[in-house]
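Residue-level listing of the chains:
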Amino acid sequence: MTERLDQIFVVLKHWLLGYLPESWQTPVGVVISVVCIIGLYPALFAITTVLERKGVGRMQNRLGPNRVGPYGILQPMADGIKSLTKEDIVPTSADAVVHFLAPVILVVTVFMGFAVLPMGRNMVLVDMDAGLLFYFAMGASTELSVFMAGWSSRNKYSLLGAMRAVAQMISYEVALLLSSVVIVMMTGSLSLVKIVEAQNHYSYGFPHWFIFTPWGLAAFIMYAIAGTAETNRSPFDLPEGESELVAGYHTEYSGFKFALFFLGEYVAMFSISGLGSTLFLGGWMAPFSGLQFIPSWIWFFGKLFVSMCVFIWLRGTLPRLRQDQLMNFAWKFVLPMCLLNLFVAGLWRFMGEGWLRWLVCSAILILAYVSLGREGMRRQKFGPRSYRYAE
Amino acid sequence: MLGDGILKGLAETAKNFAGSFVSKERMTTVEYPEERLPLPEAARNFPFLVYDGDDWEKGLRCVACQICEKECPPKCIYIEKSKDKKPDYVGKPQIYPAKFDIDISVCMSCQICVEVCPFEAIKMNTEFELATDDRFGGLLLDRKELARSNEYYHQIHPTEASEVDARLAEEKAKVEAKAKAAAEAAAAKAAAPPAAAAPATPIAKPAAPVEARPATAAKAAEVAKAPAAATAPVAPKPVPGTGSDGAASMTPEDKKAAETPAKTNEGEPKAQGEPKE
Amino acid sequence: MDFVFYLISAFAVGGALAAVLLKNLVHAALALTIAFFGLALLFLRLDAQFAGFAQILVYVGAVAILVVFAILLTKGSEVPKEGVFSKSWFAGLAISAGVFAVLAWAVLQAAPSLPNETAAPAVTVNDIGNALMSRYVLPLEIIAVLLTAALLGAVIVAMHEKAGPKQSAGAPGPSLLGTGERRNS
């Protein structure tokens, strides 16, 4: 029974495909999976927006949306209808083609990332040999669409927002990649399915997730920071800093195109969260061996939900960083920590089993964390600012 | 250490999040259309017209004196006087507003109309849900829309309304007393026709109220004036020249009547000026 | 099979041509990105997943952004009034034709010497990693050193301006989280 429930979607798909001729099965199967992904995540996006607004509201002792439907749960429907029926405005001096392409490319590249994410046992669209690389390649392409959006709008706020976004994404992408490379080093594979399988064993009922090792924990923290920055979420939401830049790179977008940007942002959050749970939190695995009877996809989406809640929690808590703080944090703290973590992971690998490696690796990482943090938080004397302009 | 501030902040928001479900004091939101906070008594928005009794048209206190129309800084009041008269709360026939419009899209809620009104007829309302889809007609309120009962006034501004009521009752009592006195005087006059008006006036003068039923006061003044004007040129003369014809023919009663108006004459400018101001 | 190849090739060549011919520099840069992407698709067509994705990651994700940034920071984004061709365009044409001829000759010469395999060899990422770490470890290290040197050079170039009189004090100090006024606990 549990087995069948676990594989229900796989079985369902095969049963549907059984009615088709042999030569049709592969393409139609792909289409079904793609449609599922494209239908599922926007639905989750809708739920998350209302969850976020209500959650952040509660953190600020407000009620949040509560007018549309019971407890305001139909709010996303109203928002969706509103954005669909709104006039689509393209500024006269905007570059119409690029302006149109930007949100499309953003959404396409963001959705592409899900192709390699295993969302349950046997539930992956393409088990690619270089799955992680594919994911990061798609992630890197979103930067271009952000730039296109900002540049084509012909608005200084848009352009500044895009510049900020791209600078931030490039900076934190390095950290994101380096923190994931540790996992690749330990599992010896870029395939996300293999990475999940590498964590798929339990001792004393507890799983061997990578987060439960010193280097894994450090990498996870760095990944979370970089992932938050990569998705332009608070506290790294400078590109959209409404106090300075109206809405950043999507200032000049309205109606459905704006909705696409909004969707892209949230789907990127899902995608980053999904990858994070795949890399560090055992993907679709149960957190205790006794809970394995619960279907694997529930665990995956449960982890997704938890990380979305953490995103919302962070948003409700932290104020926005300044640009120089953002860059300094990326290059002077996160990057050195990631590089050190690579070394620690190697050390872990070659020290062999035993408590000694726990001690040594933890000591190195904690020492580095404390000293780098102290260095970073050293009292700085600020003089008058000097600005440099491009010639 | 790096990050402890973040943890502290996260704990704080988590506390707020959880607390918002438990404690009612945290959630200060008032869900407006369903829940409302009671308005403070001094709240005011736009003016309304007070009426007494059940019939708004009959009970309207406004006498169309147009003071508010003249005083209104943005000139949002428009009044047309009636041709006929109807009795006011003391039973005196008064003209009434045939038309009384306030354009609340122009009104700035300054309350000057309320302050200048001598008849307690216009007061400030607290009603604020005046949104309408008709931008011009919908915000131009006519006298029917403006009319609110005195009970309503008591409801929204209880302290102020009872003060007003007390004042009005006092006035009414005074007017009634005066009317009674006037009636008595009239009776006396009927008994002694030439001298009747004179004793009545000294009583009427100080009784003339601040808001002054103008007609009553003016009449009293007129009554006082008429004999004064008639006798004043004559009165000083009899004292030195007693041998003249007129003076010689004067009876003691006539002398007394001639003196009294002259005495009241001193107090007259004050009494007369009051209703005007 | 061939149709897909020609489609991708047309995509890549079209992008490259647009990159050369378009007047607007940012458009040209975006067209160049299309060419990069087409190239990546060609790699994928050859079952070279690693090379294909690395192409997207590095070229679309980094190089194109770098190009675009350079254009924006150097005031070059204005559309030129006259044509895009320089006066010495024929010299450029001659040089590029020469380079093309040499490359084509080399490819044609090398073709017969390739092992004539019908099925593409299954090269996994693992194999690439092993090759890089064993047989090609020296080139890899040299490239690493070169890139590090380039990185340091870039940093030095960027730092140079700050070394001027009084400027180093004025610039925002190197702090992770800013002033740390309240954070010194």
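Everything quoted here is computed from the prediction, not taken from an experiment.

### A few points about the state of the cysteines
Residues and elements named next belong to chain B.
Right, on to step 1. Under the counting rule described, the total for this entry stands at zero disulfides over all chains.
Right, on to step 2. No disulfide involves cysteine 62; its nearest neighbouring cysteine sulfur is the one of cysteine 68, lying 6.1 Å away.
Right, on to step 3. Residue cysteine 62 is classed as buried on the basis of its relative accessible area of 10%.
Right, on to step 4. The closest cysteine sulfur to the non-disulfide-bonded cysteine 117 is located on cysteine 65, 5.9 Å from its own sulfur.
Right, on to step 5. Judged by relative accessible area, which is 17%, cysteine 117 ranks as buried.

### Focus: helix H4 (residues 89-110) of chain C
Right, on to step 1. For H4(C), with 22 residues, the first-to-last C-alpha span of 31 Å sits near the 32 Å given by 1.5 Å per residue.
Right, on to step 2. Little of H4(C) sits out of view: just zero of its 22 residues are buried.

### Concerning the pairing of strand E3 (residues 93-103) of chain B
Residue and element names in this part refer to chain B.
Right, on to step 1. In this sheet, E3 lies alongside strand E2 (residues 77-87) in antiparallel orientation, the contact comprising eight bridges. Among the inter-strand pairings, proline 87 is bridged to a residue of E3, identified as proline 93.
Right, on to step 2. With two bridges connecting them, E3 and strand E5 (residues 140-141) associate as antiparallel partners. Opposite aspartate 103, over in E5, you have leucine 140 as the bridge partner.

### Some details on the environment of C:Ala97
All names here are of chain C.
Right, on to step 1. Tracing the backbone shows alanine 97 in helix H4.
Right, on to step 2. For alanine 97, a relative accessible area of 44% puts it in the partly exposed group.
Right, on to step 3. It is 24 Å that separates the C-alpha atoms of alanine 97 and phenylalanine 37, two residues lying 60 residues apart in sequence.

### Thoughts on the sheet that holds E3(B)
Right, on to step 1. Taken together, three strands build an open sheet; the order of strands is E2-E3-E5 (chain B) and the sheet is antiparallel. Lying at the two open borders of the sheet, with one neighbouring strand each, are E2 and E5 of chain B.

### Points about the pattern of salt bridges
It is possible for side chains bearing opposite charge to pair when their charged atoms get close.
Residues and elements named next belong to chain B.
Right, on to step 1. Overall, the coordinates contain 17 salt bridges over all chains when judged by the stated rule.
Right, on to step 2. The partner of glutamate 120 in a salt bridge is arginine 167, and the shortest N-O contact between them spans 2.5 Å. Highlighted residues: glutamate 120 in the loop between helix H4 (112-116) and strand E4 (122-124) and arginine 167 in helix H7 (residues 158-191), separated in sequence by 47 residues.
Right, on to step 3. In this structure arginine 167 comes out as partly exposed when scored by relative accessible area, which is 36%.

### Quick look at the packing of aromatic side chains
Right, on to step 1. Tallying each qualifying case throughout the model produces 31 aromatic pairs over all chains.
Right, on to step 2. Each ring, one from A:Phe206 and one from A:Phe288, has its centre 5.5 Å from the other, and the planes form 70°; the classification is edge-to-face. Placement of A:Phe206 in strand E2 (residues 206-207) and of A:Phe288 in the loop between helix H11 (255-280) and helix H12 (296-317) is noted, with a sequence separation of 82 residues between them.
Right, on to step 3. Ring geometry for A:Trp215 versus A:Trp348: centroids 6.5 Å apart, planes at 65°, classification edge-to-face. One end of the pair, A:Trp215, is in helix H9 (residues 214-230); the other, A:Trp348, is in helix H13 (residues 323-351), and 133 residues separate them in sequence.
Right, on to step 4. What makes A:Trp348 buried here is its relative accessible area of 6%.
Right, on to step 5. Every member of this aromatic cluster is reached through a ring pair, and the members are A:Tyr41, A:Phe111, A:Phe114, A:Phe270, A:Phe300 and A:Phe301.
Right, on to step 6. Positioned above the aromatic ring of B:Phe21, the side-chain terminus of A:Arg58 is 4.1 Å from the ring centre.
Right, on to step 7. When the ring centre of A:Trp348 is taken as origin, the NZ or CZ atom of A:Arg357, which lies over that ring, is 4.0 Å away.

### Looking at the confidence of the model for chain C
All names here are of chain C.
Right, on to step 1. Averaged over all residues, the pLDDT of chain C equals 77, while 74% of them reach at least 70.
Right, on to step 2. Counted against residues more than four places away or in other chains, residues 165-185, with its pLDDT under 50, gives 45 contacts.
Right, on to step 3. Confidence metrics for the complex model read pTM 0.73 and ipTM 0.78.

### Examining the side chain of A:Ser141
Right, on to step 1. Its place among the elements puts A:Ser141 in helix H6 (residues 131-152).
Right, on to step 2. Accessibility expressed as a relative area gives 4% for A:Ser141, which makes it buried.
Right, on to step 3. Here the side chain of A:Ser141 touches A:Ala137 through a polar contact of 2.9 Å, landing on its backbone oxygen.
Right, on to step 4. If sequence neighbours within four positions are ignored, A:Ser141 has contacts with A:Thr109, C:Ile56 and C:Val60.

Conventions we followed
Residues numbered from 1 in each chain as written. Chains lettered and ligands numbered in written order. Predicted model: local features only at pLDDT ≥ 70, side-chain atom pairs only at ≥ 80, totals over all residues. Heavy atoms only, no water. Disulfide = S-S within 2.5 Å. Buried < 20%, exposed > 50% of the residue type's maximum accessible area, 1.4 Å probe, protein only. Helix = DSSP H or I, 4+ residues; strand = E, 2+ residues; numbered from the N terminus. Expected span 1.5 Å × (residues − 1). Pairing = 2+ DSSP bridges. Salt bridge = Lys/Arg side-chain N within 4 Å of Asp/Glu carboxyl O. Phe/Tyr/Trp six-rings, centres within 6.5 Å; stacked < 30°, edge-to-face > 60°. Lys NZ or Arg CZ within 6 Å of the ring centre and 35° of its normal. pLDDT = per-residue confidence, 0-100. Contact = heavy atoms within 4.5 Å. Polar contact = N/O pair within 3.5 Å; in protein donor to acceptor, adjacent residues only side chain to side chain.

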